[in-house]
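# Structural description and commentary
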Amino acid sequence: MSALFSHALNHPAAGPAQAPGTVAAPVWIDSHCHLDASEFNADRAAQRQQARAAGVALCVLPAVHAPNWAEVRALAHQHGDAYALGIHPLYVPQATDADLAALDVALHAHRDDPRLVAVGEIGLDFFVPELCTPAMRQRQEHLYRAQLQLARRHSLPVILHVRRSADRLLKHLREVGTAGGIAHAFNGSLQQAQAFVALGFVLGFGGALTFDRALQLRRLAAELPLSALVVETDAPDIPPHWLYRTAQARADGSAQGRNSPLELPRIAGELATLRGLSASEVAQATTANALRALPKLQALLPGAALHPKEKPADAPIQSADAAIKKIASTGAAC
Ligand SMILES: [Zn+2]
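Note that residues are indexed from 1 along each chain, following the sequence as it is written. Two thresholds apply to this predicted model, a pLDDT of at least 70 for residue-level local features and 80 or more for giving and counting side-chain atom pairs, whereas whole-chain, interface and lining totals are computed over all residues.

## Regarding the overall build of the protein chain
By definition, any uninterrupted DSSP run of H or I lasting at least four residues is a helix, any uninterrupted run of E lasting at least two residues is a strand, and each is numbered from the N terminus. Looking only at helices and strands, the protein chain features 11 helices and eight strands. Counting all 334 residues of the protein chain, 50% fall into the buried class. Partitioning the contacts of the protein chain with sequence separation of at least 6, the portion at a separation of at least 24 is 74%. The burial label depends on the number of other C-beta atoms within 10 Å of a residue's C-beta. Counts of 20 or more mean buried, 12 or fewer mean exposed, and intermediate counts mean partly exposed, with C-beta atoms placed from the backbone. Contact between residues is assigned whenever the C-beta positions, reconstructed from backbone atoms, fall within 7 Å.

In structure tokens form, the structure reads like this:
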């Protein structure tokens, strides 16, 4: 284990308050869930309710572009969840600089909204070929950097989309400076993980780790310090293996399985198995880590105040490289 992580490990994870002598059910935070996606139009409230009954106390709903900012905000309020506002790299082709100005206005307008916890989902995607032309790469970097600056101006952490882009993401993080946040759907090397952690980030793990063939990702999930991990579904995307339909099955007419926040405890249970821990231990640690990475979540989870020593230190600066988002995705990278 690197010295980098040992400091954080010395501090016990703070969990929800618990009466002496009782065993609390695990409390989970789905740190990345697109509950606004149309896949949930038929049963959104029921899915959220069932997830809550299964222990998913909070979902963080990242926005993807200006047209869905109002919706993610409304859903977060409706379901007692949290949200982030931003422009996702996959929406860069349609985004304008006026959207950046609108983001600045929205972050200011909702600065006292306790449910607005981050700027996101932002980042760089160097996997999708259409986003990899020189002009589009430049455009992605412009919008990403401008959103980092907005996050800094509004004192908010960021939720990062990392897909074959970790080096460039880190370069801008180092240059602009942020309050840390979450590198979502992380799938890089240990060194890359360390670089994000050194900048005040935690790493999001989800359905991809449930696949036996995801050897490197599973090794990372097992070996990284527990203090560096949060759990997420990215619902309705990145289905775990029990929902995943192969390309052949889809060609034969099966729809791809829909991921849901309801799956979070089972996905996290696989993480617990990989690490030889109980589900409760993983829940307690990952919930504390999410509260540390997105501090405004603390006010949304009663009794979950952080131990004072767990407050994030000012992030030092380091380097790293690439990551891949969706294990189910295929296609040429650029
Ligand atoms: Zn996402």
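Additional details are given in the paragraphs that follow.
## Observations regarding unusual backbone geometry
In most cases, non-glycine residues show a negative phi, while peptide bonds are predominantly trans. Of note, the amide linkage connecting G120 to E121 takes the cis form, showing an omega dihedral of 10°. The step from A235 to P236 runs through a cis peptide bond, and the omega angle for that step is 10°. Phi angles above zero are rare outside glycine, and S155 is one such case at about 55°. Turning to its location among the elements, S155 is positioned in the loop between helix 5 (134–153) and strand 5 (158–163). Judged by local crowding, S155 falls into the exposed class, with 11 C-beta atoms found within 10 Å. Even without a glycine there, the phi angle at D234 is positive, about 60°.

## Details of helix 5
Between its first and last C-alpha, helix 5 extends 29 Å over 20 residues, near the 28 Å set by a 1.5 Å rise per residue. What helix 5 keeps buried is the set Q140, L143, Y144, Q147, L148, L150 and A151. Along the axis of helix 5, the buried positions cluster into a sector of 160°, meaning they face one direction only. Structural note: helix 5 exposes P134, A135, Q138 and R153 on the side pointing more than 90 degrees away from its buried face. Elements in contact with the buried residues of helix 5: helix 4 (97–109), strand 4 (116–125), strand 5 and helix 6 (166–176). The positive-phi residue at the C-terminal boundary of helix 5 is S155, with phi of around 55°. One less than the residue count of a helix, multiplied by 1.5 Å, gives the span that helix is expected to have. What the arc covers is the set of directions going from the helix axis to the C-beta atoms.

## Here we look at the sheet that holds strand 2 (residues 56–62)
Adjacent strands of a sheet form backbone hydrogen bonds with each other and so pair up, either parallel or antiparallel. Pairing between two strands is assigned when DSSP locates at least 2 bridges connecting them. Spatially, eight strands are ordered 1-2-3-4-5-6-7-8 in an open sheet, and the strand pairing comes out parallel. The sheet terminates laterally at strand 1 (28–30) and strand 8 (229–231), the two strands that pair on one side only. For this sheet, the mean inter-axis angle between neighbouring strands, taken without regard to orientation, is 30°. Of the strand pairs in this sheet, strand 6 (residues 181–184) and strand 7 (residues 201–205) are connected by three bridges, and their pairing is parallel. Following the sheet pairing, A183 is matched in strand 7 by L203. The axes are straight lines fitted to the C-alpha atoms, using for helices just the contacting stretch, and the angles between their N-to-C directions are given from 0 to 180°.

## A word on the nonpolar core
Throughout this description, the term nonpolar core refers to a group of buried Ala, Val, Leu, Ile, Met, Phe, Trp, Tyr and Cys residues whose C-beta atoms join them within 7 Å. Within the largest apolar cluster, 95 residues are counted, with the highest numbers of intra-cluster contacts made by L61 and L203. In terms of residue count, helix 11 (residues 279–293) provides more of this core than any other element does, seven residues in total. When neighbours within four sequence positions are excluded, L61 is seen to be in contact with C33, H34, L35, D36, V72, L75, A76, D81, A82 and Y83.

## Some details on the pairing of strand 7
In the case of a regular strand, side chains alternate between the two sheet surfaces. Judged by how many residues are buried, strand 7 sits mostly within the fold: five of five residues are covered. Between the parallel elements strand 6 and strand 7, the chain passes through helix 7 (residues 190–198) in a crossover that is right-handed. Across three bridges, the pairing between strand 7 and strand 8 is parallel. Residue pairing for strand 8: G204 is matched across the bridge by V230. Orient the strands so they point away from the viewer, and a crossover whose first-strand-to-second-strand path over the helix runs clockwise is right-handed. Once the chain exits strand 7 it traverses helix 8 (residues 215–223) before rejoining the sheet at strand 8, and the crossover so formed is right-handed.

## Section: the environment of Q284
Locating Q284 in the fold gives a position in helix 11. For the pair Q284 and V27, spaced 257 residues apart in sequence, the C-alpha separation works out to 7.0 Å.

## Let's talk about the packing of helix 8 against helix 10 (residues 264–275)
Packing of helix 8 against helix 10 leaves a shortest axis separation of 8 Å and a crossing angle of 75°. Taken together, helix 8 and helix 10 sit at an angle that is classed as roughly perpendicular. Across the interface between the two elements, R218, A221 and A222 from helix 8 touch L271, L274 and R275 from helix 10. Of the residues belonging to the contact of helix 8 with helix 10, the class tally is four nonpolar, no polar and two charged. By the definition adopted for this analysis, an angle is roughly parallel if under 35 degrees, roughly antiparallel if over 145, roughly perpendicular if from 65 to 115, and oblique otherwise. Residue polarity follows a fixed list, in which Ala, Val, Leu, Ile, Met, Phe, Trp, Tyr, Cys and Pro are nonpolar, Asp, Glu, Lys and Arg are charged, and the others, Gly among them, are polar.

## Section: helix 2 (residues 44–53)
Within helix 2 the residues assigned to the buried category are Q47, R48 and A51. Looking down the long axis of helix 2, one finds its buried residues gathered within 95° of arc, a one-sided arrangement. In helix 2, the exposed positions that point more than 90 degrees away from the buried face belong to A45, A46 and A53. The secondary structure elements touched by the buried residues of helix 2 are strand 2, helix 3 (69–79) and helix 10. Of the residues trailing helix 2, G55 is marked for its positive phi of about 105°.

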